[in-house]
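Results of the structural survey
Spelled out from the first residue to the last, the chains are:
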Amino acid sequence: MDNSLVVFLLSVLVLLAALCVHKVEQNRVQIKDELLQQGKEELESTNKALTHVKVELESTRQEVKQVKVELDTTKEQINILRKEMIEKDNARTKEINQIRADVEDPNKIKTDYIFYCREMDKRVLELERKVEKCASEKSVEKLKEEVEDIQSHELCGADNLALQKTCGQSSEHVNGIFSCEKALDGNKDNFMHTKDGFNKNGDYYGEAYPYWWVDLGTNCIVRRIKIYNRTTCCGERLHDLEITIGKQLSNMKYCARFKGPAVEGQVLDMNCKIPTAARYVKLMIMDNSLNNLLHVAEVEVFAN
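For clarity, every value in this text was computed on a predicted model and none was experimentally measured. (Residues numbered from 1 in each chain as written. Predicted model: local features only at pLDDT ≥ 70, side-chain atom pairs only at ≥ 80, totals over all residues. Heavy atoms only, no water.)

All right, on to the state of the cysteines then. What the rule picks out here adds up to four disulfides. Two residues share a disulfide in this structure: cysteine 167 and cysteine 180, whose sulfurs sit 2.1 Å from each other. Between cysteine 167 and cysteine 180, the disulfide has an S-S torsion of 75° and is therefore right-handed. Residue cysteine 167 is found in strand 1 (residues 166-169), and its partner cysteine 180 is found in the loop between strand 1 and strand 2 (197-198); the two are separated by 13 residues along the sequence. Taken as a pair, cysteine 167 and cysteine 180 share a single burial class, namely buried. Note that cysteine 255 is cross-linked by a disulfide to cysteine 272, the S-S spacing being 2.0 Å. Because the torsion about its S-S bond is -95°, the bridge between cysteine 255 and cysteine 272 counts as left-handed. Pair noted here: cysteine 255 is in strand 6 (residues 251-258) and cysteine 272 is in strand 7 (residues 267-285), with a separation of 17 residues, a long-range link. Cysteine pairing in the protein chain follows 1-4, 2-3, 5-6, 7-8, where each cysteine in a disulfide is numbered by its order in the sequence. (Disulfide = S-S within 2.5 Å. Helix = DSSP H or I, 4+ residues; strand = E, 2+ residues; numbered from the N terminus. Buried < 20%, exposed > 50% of the residue type's maximum accessible area, 1.4 Å probe, protein only.)

Tracing the backbone shows aspartate 240 in the loop between strand 4 (211-229) and strand 5 (241-248). By relative accessible area, which is 12% here, aspartate 240 ends up buried. Ignoring sequence-local partners within four residues, the contact set of aspartate 240 consists of Arg257, Phe258, Lys259, Met284, Ile285 and Met286. (Contact = heavy atoms within 4.5 Å.)

A few words on the packing of aromatic side chains. As enumerated under the stated definition, the model contains two aromatic pairs in all. Ring geometry for phenylalanine 178 versus phenylalanine 191: centroids 5.2 Å apart, planes at 25°, classification stacked. You can see phenylalanine 178 sitting in the loop between strand 1 and strand 2 and its partner phenylalanine 191 sitting in the loop between strand 1 and strand 2, a full 13 residues away along the chain. Each member of the pair, phenylalanine 178 as well as phenylalanine 191, is classed as buried. Ring centres of tryptophan 213 and tyrosine 280 lie 6.1 Å apart, and the angle between their planes is 65°; this geometry places the pair in the edge-to-face category. Placement of tryptophan 213 in strand 4 and of tyrosine 280 in strand 7 is noted, with a sequence separation of 67 residues between them. Of the two residues, tryptophan 213 and tyrosine 280, neither departs from the other in class, the shared state being buried. Taking NZ or CZ as reference, lysine 188 lies 4.6 Å from the ring centre of tyrosine 228, over its face. The ring of tyrosine 211 has lysine 282 lying over it, and the distance from NZ or CZ to the ring centre is 4.6 Å. (Phe/Tyr/Trp six-rings, centres within 6.5 Å; stacked < 30°, edge-to-face > 60°. Lys NZ or Arg CZ within 6 Å of the ring centre and 35° of its normal.)

A few words now on the pattern of salt bridges. Going through the model one piece at a time under the given rule, you end up with eight salt bridges. The closest approach of N and O atoms between glutamate 300 and lysine 188, which form a salt bridge, is 3.7 Å. Note that glutamate 300 is positioned in strand 8 (residues 296-302) and lysine 188 in the loop between strand 1 and strand 2, a separation of 112 residues in sequence. Using a relative accessible area of 31% as the deciding quantity, one classes lysine 188 as partly exposed. (Salt bridge = Lys/Arg side-chain N within 4 Å of Asp/Glu carboxyl O.)

What follows is about the pairing of strand 6. Across a regular strand the side chains alternate sides, sitting on one face of the sheet and then on the other. In this sheet, strand 6 lies alongside strand 5 in antiparallel orientation, the contact comprising six bridges. Counted as the bridge partner of leucine 241 is phenylalanine 258 from strand 6. Hairpin connection, strand 5 to strand 6: the antiparallel pair is bridged by two residues. (Pairing = 2+ DSSP bridges.)

Here we take up the pairing of strand 5. Burial within strand 5 is extensive, with six of its eight residues counted as buried. Two strands pair when backbone bridges link them, and strand 5 and strand 7 are joined in this way by six bridges, in the antiparallel orientation. Each bridged residue has a counterpart across the sheet, and for isoleucine 243 the counterpart in strand 7 is leucine 283.

With respect to the element layout, leucine 268 can be found in strand 7. Since its relative accessible area comes to 4%, leucine 268 is described here as buried. Sequence separation between leucine 268 and tyrosine 228 is 40 residues, and the spatial gap between their C-alpha atoms is 6.5 Å. When neighbours within four sequence positions are excluded, leucine 268 is seen to be in contact with Ile225, Lys226, Ile227, Leu238, Leu241 and Phe258.

Keep in mind these numbers describe shape, not what the thing actually does.
This is the structure we're talking about:
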């Protein structure tokens, strides 16, 4: 065999050997890197697990601490309750002993009984005085009503009590022209009138709860009110009319009510449900819309 061929073969073998060694080294390095990476991941996972365990452990410690605090608080409350029970038991024992001592002492029982009876007598006497006072006040009130009734017959008379008396109303249609006095002048051809007008839309309007009142000048037993509706127009505007009477305008009582609507010239002859001593008579339309107008020709008030 030629020496050159041998050398060539040896060179090839050496090269193959070197390649094998290099390949083996690469595999070793790759396996080493993989093992290192796996080790790092496992280490990080372990660290995370340890951190979680530490957090849970700290939470458990806090819970144990809280339970300990609550337990101490419960112990304190138990001690307080125990102390209160002991104090109540001692007080109850003391009270029982006092009752026993009182029972064993007949003079003590007699003294307490006498004191109790005297107190009861005082209370009964006070109640009797109150009853007598109430009865006297009722009698006085009844006598006042009877006196007012007599004065009403003697002083107020049978004529129209409202004629040309002082009056007022919620508003006026035209200042001074349709004033409240128009319903008290004895002339049934004119009338009082509350306000009216036109809004920006051209709608005709009045007011809510328009009213009129008269001051009779003295307290009279008001039994009957006679109302003359306007004759020239719009009689139906008189509706839901409530009549009240009273000694003060701030304290009026129900007299009568007219549901309506009325017609032109209609005369309402209204009797008070309960005749009452009164100085003021008030008419009011009980409607909260803004379309109400109150206008009557005459109002007469009678005690008989």
